[in-house]
Amino acid sequence: MAVNSLREYLDLLDTTGWLRSFDQPVSWDLEASAATMLANIRDGPVPVFESIAGIETESKLVGDPYRGPQTRPWDHFAQALGFPSGLSGCTYYDRVIARLNRTKAPRTVASHRAPCKETVRTGTEVDLLSFPWPYIHEGDGGRYSNHHTIVAPDPDTEWGTWSSHRMMIHDSSQASLLLLAGEQVPNRYYYDYEPRGEPMPVAVVIGAEPTVESTADMWIPTGRSEAAFAGGLKNAPVDLVQCETNDLYVPATAELVLEGHVRPDDRLDEGPFGDYFGYMNGPRRSMPVFEVDAITHRHEPRLPFCVEGSGVGYGQNSTSTLRLVAAGPDATVGLRAAGFDVAMAVPWRFTSRTVWVIATDRPYPGYLHELANFIFTTWGMLHIDFFVFVDAAVDPLDPRAVLTTIALEADPDADFHQFGVERMPKVPLNIYQTPDEKGSADVGTSKAKTAKAYIDATTDGDATDTTATAETRKRAQERLVEAGLDAARFDRLDEREGKSQ
Amino acid sequence: MIPFTQYVRGLAGDDDLVRLDGPFEVPVDVLAAEALRASGPTLRFQRPTGIDLVSGVFSGPDQTQHREARPWSRLALGLGLEPDATLVDLLETISTLGPTGGNPEPTYAGQAASGTDIDVQDLQLPQGETDMWPAVTLGVASVSTADGTHWAPVHGSVVGGDTLRVRVPDALSSLVADGTTMTIALGVPPAAITTAYLLAVTEQTTTPIQSCGVTGTVPLVPTNGGLVPSATEVVIETTVVDRQPDFRSDRREGWEYVVVSGPLSLSVESVRATDTPVIPISPVGRPLADDIQLTGLATAATLYHRVNNYWGISPVEWVMLPAEAELGICFVASDVLYGGFEWQLANILFSFSSLFDTVVIVDEDVPPQDFGRVLADVWLKSHPARDWTFSEPDAPAATRPHYRTDNETGSRLYVNAAWDPRWKETYIAPRVTFQNSFPGNVRDVARALWDESDTGPEDTTESGASR
């Protein structure tokens, strides 16, 4: 059974030894994020900072709660969904895909039944600075909330649209939101609300339950409800509750909800910030202003944050893990729904937004071009630069196997395909862009267009290792585990379901 | 010089070896392959005959999985370095074993493998699930000529009690005739097999070992074939009976992708072993196999040495042909001296090796042990249009990849994943790291928090300076 809240998820981590609470005061000013980055690097427990130095607050900071173990990043999240630990990556994907194919509509609850309404502050009681927003990296433009779900209006769905855009805190009631044109919520603001001179109501939901948090990272098609996908993932309806000051509905078990609106024709500084590419990203930009109208929260709210940048290379953090464990299965569902017979679509382990690996058969010539074109012109348009296509038999969660196929199967002469060289849109975050190319255009997109490419690393059907049968390999792995090798490293032992790592 | 058995004991002493007792109902080379895929330790297959097999001794953990992985650390130990030696330390040490390593006077010692004659089948070499015969892997062939002794890697099969069919570099075949004696040494000191691989991948097999640095490192002993390391575990003396047998293994050792090789049929004249011999094996053809790692490191040592002596200065920090990519791609970390230098560097690497036709250039401050960062920078720092550069399609096909096996020409590719040297320093985005993103006092607080905790994560070294 899936957990219903961030707190239940943290309890789950605690029971498996993956949580560490610190009672001693820890400062929001770099200390909490430094300790979190150390845990991310070392693959240690998730830290909970119970006491925040220098501020009177009942809030607690939680560093990268959704980071999965480096060897099996999906393992914690699998347990949050009610699956056993120790699933192979492929089995995990299969199970999540099955759930995503059975969406469940949310249900609404009354305010008095919503934990996120345990405390309600409006008017002069609103004070953003009473919460310990972390200053995450030295050199950041300010203190950030960067691990939350933004709920915005959507005329096509009953429950609004959910997404994630980082937010820099400015004062007791204002923050700047990184709204980069090209994505759904920013487009709604820049091309709909702002031209009409209307404020756009927004709720920033912090510490939502795991399936909500992960759904915000998915690529849900327009017109479909993220809430229903979150319910499918949870295998139970997600509880929603109406905001106090607008018509939006927010997840009821959330830790903290900031209700407010984005002011038209107003901007505040945003950035620079140590970004998910693993580098400090600038320049400082002018971004839309989020004005907070009300704050509701649970008692002793847990405020999760992500140390962005630490999820590049070997390390994992919350966002890199959520892309692997949620966005990947969701994209697989989406591609299949569009008629493409893909086995799995998986973010590249080391740079989870720029490159995706897609395991697929090639039923007819031109199929890969068609598939790449579909993705580049829909989901992958802004963030993704490359797709690597591998055989359906190759495990795209195994970076060694993918690297090998790139090296041995991708012919530079025939298998690298560029799409519209330097004609495609791009978010201004990649570090290969010069500051001039990144620009500071009004709506936040890059001044320079970019190229997209795909690599055909599929074989002609004859490259799989056939020197040992799958059954023999499995028996070998069982024998090695008996000898004391770590079972978590073996890919053929799905029967270990139910056993702890 | 470290004898092979001492090397294996050292791995056990470092908790990098797991013992498995027979009988082995699963083929030994499948067990070896699975352990390598799982970044496991060296395996020692203990058998009641007293003749043990070991796998994974020259390979190491999969770098795409382990942050702290240094897949060259086992071989470094075998060559007398510290296990945490840098890749460059190892590459330079490998280079000293070959012809550029001086010409020291050989030393001689008694043969360790002096046990009673046994049949070659008594060695019970491993036989894969789909193999017809037991496999000889990680062997060193030794042939004597008027110039001296010549070493080369050998890979083959035991096809009978007195017959081996093997493949050796053509250069070695050219030195023998029917009736020539050849010795095959199994379980040689790591320095010796590394030398054999180095000579093969540099196509210098005809250079006698008396002209190589290895003779100053490894004590030798004469055999009917040629000199072999005195501390060899198993010495198989043979006679060449057929220089063109109809034989080709389905699998190829790593070096067979670098040099042209040919088959030989050998008659076994004697087999001598130590009292309790330990024989290294490689799961040839499987990911991360020992022979791939040895070939990759020997080739990288050669390339490192050659490119760093090309410009009068040494801008290249390291070169790697990762076993994780089965040698089909070359990574190089270098100072990009000027605009266009990356083009020169890539093409020089293409000139010096035929294994790959893709080169990836990363910044010189990217450490090779942080391979995860290498695999990130490829996609982060290289513009999809400007930094992926393809040649005209008239280059010969590389030997390792599977495509273009019909001798057709095609393109080569280099990926420039380094900062453009023409950029102003202010264009260069600083990296987010523990070191860069927090001042010293904050780092101290963070370390203290975890170190005070019994349940704190294990300490590891975060690598990578920033620019």
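Just so we're clear, the structure is a prediction, and the values are computed from it rather than from any experiment.

Q: Mind laying out the overall build of chain B, listing which residues take part and the relevant values?
A: Secondary structure assignment for chain B yields eleven helices and 17 strands. Relative to the compact-globule value of 23 Å for 467 residues, chain B shows a C-alpha radius of gyration of 23 Å, a close match. Oriented by its inertia axes, the alpha-carbon framework of chain B measures out at about 70 × 60 × 45 Å. The proportion of buried residues among the 467 residues of chain B is 64%. In chain B, 72% of the contacts between residues at least 6 apart in sequence involve partners at least 24 apart. As displayed, chain B offers around 16000 Å² of accessible surface, 45% of which is attributable to carbon and sulfur atoms. Between the mean site of the 29 positive side-chain charges and the mean site of the 61 negative ones, chain B shows a separation of 5 Å.

Q: So what's going on with the nonpolar core? Residues and values would help.
A: Formed by 193 residues in total, the largest nonpolar core has its most connected members in Phe 49, Leu 258 and Val 388 of chain A together with Phe 331, Val 359 and Trp 379 of chain B. Here this core takes nine residues from helix H7 (residues 290-307) of chain B, the largest share from any one element. Those residues in contact with Leu 258 of chain A, other than ones at most four positions away along the chain, are Leu 128, Trp 133, Met 167, Val 202, Ala 203, Val 204, Ile 206, Phe 290, Val 292, Ala 294 and Ile 295 of chain A. Ala 468 of chain A together with Phe 24, Val 136 and Ile 236 of chain B belong to the second-largest nonpolar core, a separate cluster that totals 46 residues.

Q: Run through the domain arrangement of chain A, naming residues and quoting values.
A: By a frequent convention, interface size equals the accessible area lost on bringing the separate parts together. All names here are of chain A. As assigned here, chain A comprises domain 1 (88-299) and domain 2 (327-457). Here domain 1 and domain 2 have C-alpha centroids that lie 27 Å from each other. Counting residues at the interface gives 30 residues for domain 1, matched by 32 residues for domain 2. When the two sides are added together, the surface that domain 1 and domain 2 hide from each other amounts to roughly 2800 Å², 68% of it contributed by carbon and sulfur. On the domain 1 side of the contact with domain 2, Tyr 93, Trp 219 and Phe 277 bury the most area, a combined 29% of that side's loss.

Q: How would you summarise the domain arrangement of chain B if you had to cite specific residues and measurements?
A: Its domain assignment divides chain B into domain 1 (4-57 + 98-281) and domain 2 (313-427). Once you take the C-alpha centre of each, domain 1 of chain B and domain 2 of chain B turn out to be 33 Å apart.

Q: Can you tell me about the interface of chain B and chain A, naming the residues and giving the values?
A: On the side of chain A, 86 residues touch chain B, which itself brings 95 residues to the contact. Buried surface at the junction of chain B and chain A, both sides included, amounts to about 7800 Å², of which 65% is carbon and sulfur. The largest per-residue losses of area from chain B upon contact with chain A belong to Trp 379, Leu 380 and Trp 450 of chain B, which jointly make up 11% of the total buried on that side. At the junction of chain B and chain A, the tally comes to five salt bridges. The salt bridge involving Arg 473 of chain A is made with Glu 34 of chain B; its shortest N-O contact spans 2.7 Å. At the boundary of chain B and chain A, one finds 22 residue pairs in polar contact (both at pLDDT 80 or more). When contributions to the side of chain B that touches chain A are tallied by element, the ones reaching two or more residues are strand E1 (17-21), helix H2 (28-37), helix H9 (371-380), strand E16 (388-390), helix H10 (434-437) and helix H11 (440-451) of chain B. Looking at the side of chain B that touches chain A element by element, the count peaks at eight residues for H9 of chain B. Class assignment of the residues belonging to the side of chain B that touches chain A gives a composition of 45 nonpolar, 23 polar and 27 charged.

Q: Run through the pairing of strand E18 (residues 302-305) of chain A, naming residues and quoting values.
A: Residue and element names in this part refer to chain A. The side-chain alternation of E18 yields two buried faces, one formed by Arg 302 and Pro 304 and the other by Leu 303 and Phe 305. One ladder, built from four bridges, connects strand E3 (residues 60-63) with E18; its direction is parallel. Its bridge partner lying in E18, Val 62 is registered against Pro 304.

Q: Explain a negative patch on the surface to me, using residue names and the numbers behind them.
A: Negative charge collects at one region of the surface, where Asp 119, Asp 122, Asp 162 and Glu 269 of chain B lie side by side. Along the chain, the position of Asp 122 of chain B falls in the loop between helix H4 (87-97) and strand E4 (135-145).

Q: Explain the layout of surface pockets residue by residue, including any values.
A: Residue and element names in this part refer to chain A. Considering only enclosed or pocket space, the second largest pocket measures out at about 1000 Å³ in volume. Surrounding the second largest pocket, 44 residues form its lining, Ser 164, Glu 183, Trp 219, Arg 353 and His 383 being those nearest its centre. At the level of secondary structure, the elements contributing two or more residues to the lining of the second largest pocket comprise strand E8 (161-163), helix H5 (184-193) and helix H8 (318-337). The element best represented in the lining of the second largest pocket is H8, accounting for five residues. Counted by class, the lining of the second largest pocket contains 17 nonpolar, 18 polar and nine charged residues. Each of domain 1 (88-299) and domain 2 (327-457) gives at least three residues to the lining of the second largest pocket.

Q: Describe the side chain of Thr 360 of chain A, and please don't skip the residues or the numbers.
A: All names here are of chain A. Tracing the sequence through the fold places Thr 360 in strand E20 (residues 355-360). Within polar-contact distance, the side chain of Thr 360 engages the backbone oxygen of Asp 341 at 3.3 Å. Apart from the residues within four sequence positions on either side, Thr 360 is in contact with Asp 341, Val 342, Ala 343, Tyr 367, Leu 368, Leu 371, Phe 389, Val 390, Asp 391 and Ala 392.

Q: Provide a residue-level description of the packing of H7 of chain B against helix H8 (residues 341-352) of chain B, including the pertinent values.
A: Residues and elements named next belong to chain B. Interaxial distance between H7 and H8 falls to 10 Å at its minimum, and their mutual angle equals 130°. Here H7 is positioned oblique relative to H8, judged by the angle of their axes. Note that H7 runs across H8; the crossing there is right-handed. Residues Leu 303, Arg 306 and Val 307 of H7 form the contact with H8, whose own contacting residues are Ile 348, Leu 349 and Phe 352. Here the contact of H7 with H8 is built from residues that sort into five nonpolar, no polar and one charged.

Q: Tell me about the sheet that holds E16 of chain B, residues and numbers included.
A: Residues and elements named next belong to chain B. In spatial order, the strands read E13-E14-E15-E17-E16; together these five strands make up an open sheet with mixed pairing. The sheet is open, and its two edges are formed by strand E13 (316-320) and E16, each paired on a single side. On average, adjacent strands in this sheet sit at an angle of 20° to one another, irrespective of strand direction. Bridging between strand E14 (residues 330-334) and strand E15 (residues 358-363) involves five bridges; their strand directions are parallel. Considered in E15, the bridge of Ser 334 is made with Asp 363. Contacting E13 and E14, H7 crosses the sheet at an angle of about 155° to E13. Here H9 sits on the sheet and contacts E13, E14, E15, E16 and strand E17 (413-417); the angle it forms with E14, its principal contact strand, is near 90°.

Q: Give me the side chain of Asp 330 of chain A: which residues, what numbers.
A: All names here are of chain A. Of note, Asp 330 is situated in helix H8. Salt bridges are absent for the buried Asp 330, whose nearest opposite-charge side chain, Arg 323, sits at 8.4 Å. Residue contacts for Asp 330: discarding those within four places in its chain leaves Leu 100, Met 218, Trp 219, Ile 220 and Phe 229.

Q: Could you give an account of the pattern of salt bridges, naming the residues involved and the relevant values?
A: If you walk through the whole model with that rule in mind, you get 44 salt bridges over all chains. As a salt-bridge pair, Arg 196 of chain A and Asp 192 of chain A come within 2.0 Å of each other at their nearest N and O atoms. Two residues, Asp 365 of chain B and Arg 373 of chain B, come together in a salt bridge whose shortest N-O distance is 3.7 Å. The residues Asp 365 of chain B and Arg 373 of chain B share a single accessibility class, namely buried. It is possible to trace a salt-bridge network through shared partners that takes in Asp 154, Arg 188, Asp 192, Arg 196 and Glu 198 of chain A.

Q: Any details on H11 of chain B? Residues and values, ideally.
A: The terminal C-alpha atoms of H11 of chain B, which comprises twelve residues, lie 16 Å apart, in line with the 16 Å expected from a rise of 1.5 Å per residue. For H11 of chain B, the full list of buried residues reads Val 442, Arg 443, Ala 446, Leu 449 and Trp 450 of chain B. Around the axis of H11 of chain B, the buried residues are gathered within 125° of arc, so they sit on the same side. With respect to the buried face of H11 of chain B, the exposed residues turned more than 90 degrees away are Asn 441 and Asp 451 of chain B. Residues of H11 of chain B that are buried sit in contact with strand E1 (19-22), helix H2 (31-42) and strand E2 (46-49) of chain A together with H10 of chain B.

Q: Pulling in residues and values, what's your account of the confidence of the model for chain B?
A: Detail in the predicted coordinates should be disregarded across regions flagged by low pLDDT. Of all residues in chain B, 96% attain a pLDDT of 70 or more, and the chain-wide mean is 92. When the criterion is pLDDT under 50, residues 454-467 of chain B qualifies, and its contacts beyond four places in sequence or with other chains add up to 43 contacts.

Rules used throughout
- Residues numbered from 1 in each chain as written.
- Chains lettered and ligands numbered in written order.
- Predicted model: local features only at pLDDT ≥ 70, side-chain atom pairs only at ≥ 80, totals over all residues.
- Heavy atoms only, no water.
- Helix = DSSP H or I, 4+ residues; strand = E, 2+ residues; numbered from the N terminus.
- Rg over C-alpha atoms; globule rule 2.2 N^0.38 Å.
- Buried < 20%, exposed > 50% of the residue type's maximum accessible area, 1.4 Å probe, protein only.
- Contact = heavy atoms within 4.5 Å.
- Areas by Shrake-Rupley, 256 points an atom, 1.4 Å probe, with all protein chains shown as cover.
- Lys, Arg positive; Asp, Glu negative; His and termini not counted.
- Charge placed at Lys NZ, Arg CZ, Asp CG, Glu CD.
- Core = buried A, V, L, I, M, F, W, Y, C linked by side-chain atoms within 4.5 Å.
- Domains from an automatic or database assignment.
- Buried area = accessible area lost by both parts, 1.4 Å probe.
- Salt bridge = Lys/Arg side-chain N within 4 Å of Asp/Glu carboxyl O.
- Polar contact = N/O pair within 3.5 Å; in protein donor to acceptor, adjacent residues only side chain to side chain.
- Nonpolar A, V, L, I, M, F, W, Y, C, P; charged D, E, K, R; others polar.
- Pairing = 2+ DSSP bridges.
- Patch = residues over 30% accessible without salt bridge, like charges linked within 9 Å, V, L, I, M, F, W, Y side chains within 5 Å.
- 1 Å grid on protein atoms, 1.4 Å probe; cavity = no way out; pocket = protein on both sides within 12 Å on 5 of 7 lines; lining within 4 Å.
- Points joined across faces, edges and corners; volume = space filled by probe spheres on them.
- Axes fitted to C-alpha atoms, helices over the stretch in contact; angles between N-to-C directions.
- Parallel < 35°, antiparallel > 145°, perpendicular 65-115°, else oblique.
- Left-handed = near helix turned anticlockwise from the far one by under 90°.
- Expected span 1.5 Å × (residues − 1).
- Arc of directions from axis to C-beta.
- pLDDT = per-residue confidence, 0-100.

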